[in-house]
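# Structural overview for review
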Amino acid sequence: MTWLGIVLVVLFAWMAFKVVGALLKIVAFTGLLIAGWWLLAPYLGWVTPAEFVRVMWL
């Protein structure tokens with residue numbers, strides 16, 4: 001493998017780690033939003049996520 005190949009492999013591995021990190025941040029943020037919705041919905045008179053899923057998908 002030439003030096004260019006090694007540089008490309010390292011670059012693509014670095015980019016893959018960046019993409020996976022960004023996806024994990026998006027998943028964590030979405031989870032926090034859903035957890036907040038689940039906890040606050042009864043107090044604010046909103047539909048809970050369980051009711052939303054039951055109505056929309058069944």
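All of these numbers come straight from a predicted model, not from anything done at the bench.

Parameters at a glance
Residues numbered from 1 in each chain as written. Predicted model: local features only at pLDDT ≥ 70, side-chain atom pairs only at ≥ 80, totals over all residues. Heavy atoms only, no water. Helix = DSSP H or I, 4+ residues; strand = E, 2+ residues; numbered from the N terminus. Rg over C-alpha atoms; globule rule 2.2 N^0.38 Å. Buried < 20%, exposed > 50% of the residue type's maximum accessible area, 1.4 Å probe, protein only. Areas by Shrake-Rupley, 256 points an atom, 1.4 Å probe, with all protein chains shown as cover. Patch = residues over 30% accessible without salt bridge, like charges linked within 9 Å, V, L, I, M, F, W, Y side chains within 5 Å. Salt bridge = Lys/Arg side-chain N within 4 Å of Asp/Glu carboxyl O. Axes fitted to C-alpha atoms, helices over the stretch in contact; angles between N-to-C directions. Parallel < 35°, antiparallel > 145°, perpendicular 65-115°, else oblique. Contact = heavy atoms within 4.5 Å. Nonpolar A, V, L, I, M, F, W, Y, C, P; charged D, E, K, R; others polar. Expected span 1.5 Å × (residues − 1). Bend = angle between axes of the 7 residues up to and from the residue.

## Points about the overall build of the protein
- If you tally the helices and strands in the protein, you get 2 helices and 0 strands.
- In terms of overall dimensions, the protein is more spread out than a globule: its C-alpha atoms have a radius of gyration of 21 Å, far above the 10 Å expected for 58 residues.
- Principal axes of the C-alpha set define a box for the protein whose edges measure 65 × 25 × 10 Å.
- Looking at the protein as a whole, 5% of its 58 residues are labelled buried.
- As presented, the protein carries roughly 5,400 Å² of accessible surface, and 83% of it is formed by carbon and sulfur atoms.

## Brief notes about a nonpolar patch on the surface
- Taken together, Trp 3, Leu 4, Val 7, Leu 8, Leu 11, Phe 12, Trp 14 and Met 15 make up a surface patch of nonpolar side chains, about 860 Å² in accessible area.
- Mapped onto the elements, Leu 11 comes out in helix α1 (residues 3-44).

## Describing the packing of α1 against helix α2 (residues 49-57)
- One can describe the packing of α1 onto α2 by two numbers: an axis separation of 8 Å at closest approach and a directional angle of 100°. Of the possible angle classes, the one that applies to α1 and α2 is roughly perpendicular. Contact residues: Ile 34, Trp 37 and Trp 38 in α1; Pro 49, Ala 50 and Phe 52 in α2.
- For the contact of α1 with α2, the per-class residue count stands at 6 nonpolar, no polar and no charged.

## Focus: α1
- The end-to-end C-alpha distance of α1, which contains 42 residues, comes to 60 Å, matching closely the 62 Å that a straight helix rising 1.5 Å per residue would cover.
- At Trp 38, α1 is bent by approximately 30°, the largest bend along its length, and proline Pro 42 sits one to four residues beyond.
- Just downstream of α1 lies Gly 45, where phi reads positive at about 80°.

## As for the side chain of Thr 48
- Checked against the element boundaries, Thr 48 lands in the loop between α1 and α2.
- With a relative accessible area of 17%, Thr 48 lands in the buried category.
- With residues up to four places along the chain from it excluded, the contact list for Thr 48 reads Trp 37, Ala 41 and Pro 42.

## Some remarks on the environment of Ile 34
- Checked against the element boundaries, Ile 34 lands in helix α1.
- For Ile 34, a relative accessible area of 41% corresponds to the partly exposed category.

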